[in-house]
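# Notes for the structure review
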Amino acid sequence: MADESEIMKLDLLPEDCIVQLLSFTSPYDVCHASLVSTMVRDAAISDLLWEKFLPSDYRQIISRLVLPINFASKKELFLKLFSPLLIDGGRKTFSIDRISSKKCYMLSARELSIAWSTNPLYWCWKPLLHSRFPEGVELIMVCWLEIKGKINTRMLSPRTTYGAYLIVNLAGRAFGLDSLPSEISVKVGGDHESKGIVLIRRNYTNSRKQELERVLMRHRAETLRSRVDNRGGTERALCDRGDGWLEIELGEFYSDGVNDKEVTMCLREVKGEHLKGGLIVEGMELRPK
């Protein structure tokens, strides 16, 4: 903790110098530093400082909001962007990560490329409970499951490692989704690809039930899994998000902020040739790791 003489010396600095010093910290540190003295507090609430914490393209981002937001200061705007806000006609959300202050996006199901999703015999578009978007999509029945999303690295924060996540749920009638692992991947331009597999099913709380199923299904599962090439990949599982949805980590990638590259994220199961249904898709999320 700074002694009184150090605080007095700090108070002798012009406000713009204090702002410059605080800009090298984090929003969390700034809120704590504002308790040091009146001069520091004034610098800690200045628009000049909080504009440095906002994304460089924040004006363009807020111009894409579905519903305009009111803010009296840049700090207030920064805090409001913690909550995901609909942009681009309601097909995406934008927010700022509370810990890193990096940009986060979520692409709605309408923003994704889903095989056969325009055919009402295979997929059903409808409003979804607890969804951030006006509608999502539920798989009725297909044998070819493929879901792709794309985003350009120029939309993301520079010098940041991102994780890509498919946000889903399982209907009570879900079937065939765990007969064979689905292949997952994230590809950045032509330089990097992260690969893996995931078995789409809820994690059992009853370990005895899970072990019994393993014994009964072991031979069939091993036969089916032999069709899936996962060399160098990671085996993942569905995770509960705590917001009523489940997520599958599709992979990760690094956004350097220098090169414009297209990121392609994918989940597919096309080798089993069996019917599957009951997968509910909300969208794909990109957030800092």
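Residues numbered from 1 in each chain as written. Predicted model: local features only at pLDDT ≥ 70, side-chain atom pairs only at ≥ 80, totals over all residues. Heavy atoms only, no water.

The name recorded for the protein in an unreviewed UniProt entry is F-box protein PP2-B15 isoform X2, from Nicotiana tabacum.

Before going further, it helps to spend a moment on the overall build of the protein. When helices and strands are counted, the protein shows 8 helices and 15 strands. Expressed as a percentage of its 289 residues, the buried residues of the protein come to 45%. Taking all contacts inside the protein whose residues are at least 6 apart in sequence as the whole, residues at least 24 apart take part in 69%. Carbon and sulfur atoms provide 54% of the accessible area of the protein, an area that totals close to 15,700 Å². (Helix = DSSP H or I, 4+ residues; strand = E, 2+ residues; numbered from the N terminus. Buried < 20%, exposed > 50% of the residue type's maximum accessible area, 1.4 Å probe, protein only. Contact = heavy atoms within 4.5 Å. Areas by Shrake-Rupley, 256 points an atom, 1.4 Å probe, with all protein chains shown as cover.)

Another aspect to go through is the packing of aromatic side chains. Counted by the stated rule, this structure contains 7 aromatic pairs. Judged by centre distance (5.3 Å) and plane angle (70°), the ring pair of Trp50 and Phe53 falls under edge-to-face. Of the two residues, Trp50 and Phe53 are both situated in helix 5 (residues 47-53); the distance of 3 residues between them amounts to about one turn of the helix. Each member of the pair Trp50 and Phe53 is classed as buried. Ring geometry for Phe78 and Phe82: centres 5.3 Å apart, planes at 70°, overall edge-to-face. Neither Phe78 nor Phe82 differs from the other in exposure class; each is buried. Put simply, the rings of Trp50, Phe53, Phe78 and Phe82 pair up and form one aromatic cluster. (Phe/Tyr/Trp six-rings, centres within 6.5 Å; stacked < 30°, edge-to-face > 60°.)

Quick look at the environment of Ser157 now. Within the secondary structure layout, Ser157 lies in the loop between strand 7 (145-152) and strand 8 (160-175). In this structure, the C-alpha to C-alpha distance between Ser157 and Cys104, residues 53 residues apart in sequence, is 8.5 Å.

In this structure, Trp116 is a non-glycine residue whose phi angle is positive, near 70°. Along the polypeptide, Trp116 turns up in the loop between strand 4 (113-114) and strand 5 (123-126). Here Arg159, not a glycine, exhibits a phi torsion of approximately 50°, which is positive. Among the secondary structure elements, Arg159 is positioned in the loop between strand 7 and strand 8.

A word on the nonpolar core. Membership of the largest hydrophobic core comes to 58 residues, with the highest contact counts inside it found for Ile248, Leu250, Met265, Leu279 and Val281. Here this core takes 5 residues from strand 8, the largest share from any one element. Once you skip the residues sitting within four places of it in the chain, Met265 turns out to touch Leu107, Ile147, Lys148, Gly149, Lys150, Ile151, Ala164, Ser185, Val186, Leu250, Met284 and Leu286. In terms of nonpolar packing, the next biggest core, distinct from the first, is built from 8 residues, Leu128, Phe133, Ile167 and Ala171 among them. (Core = buried A, V, L, I, M, F, W, Y, C linked by side-chain atoms within 4.5 Å.)

This brings us to the sheet that holds strand 4. On the basis of which strands lie adjacent, the open sheet formed by 6 strands has the order 4-7-14-9-10-11 and mixed pairing. Of all the strands in the sheet, just strand 4 and strand 11 (234-236) have a single pairing partner and so form its edges. (Pairing = 2+ DSSP bridges.)

Before going further, it helps to examine empty space enclosed by the protein. Tallied over the full model, the rule gives 1 cavity of 30 Å³ or more. The space that makes up the largest cavity amounts to roughly 50 Å³. If you go around the largest cavity, the residues you meet are Pro84, Thr93, Phe94, Ser95, Cys104, Tyr105, Met106, Arg132 and Glu285. Counting residues per element, the ones that place at least two in the lining of the largest cavity are strand 2 (92-96) and strand 3 (103-108). The residue inventory of the lining of the largest cavity, partitioned by class, reads 5 nonpolar, 2 polar and 2 charged. (1 Å grid on protein atoms, 1.4 Å probe; cavity = no way out; pocket = protein on both sides within 12 Å on 5 of 7 lines; lining within 4 Å. Points joined across faces, edges and corners; volume = space filled by probe spheres on them. Nonpolar A, V, L, I, M, F, W, Y, C, P; charged D, E, K, R; others polar.)

Time to look at the side chain of Glu138. Tracing the sequence through the fold places Glu138 in strand 6 (residues 136-139). A polar contact is formed between the side chain of Glu138 and the side chain of Lys126, at a distance of 2.5 Å. Those residues within four positions of Glu138 in sequence are excluded, and the remaining contacts are Tyr122, Trp123, Cys124, Lys126, Ala171, Arg173, Gly278, Leu279 and Ile280. (Polar contact = N/O pair within 3.5 Å; in protein donor to acceptor, adjacent residues only side chain to side chain.)

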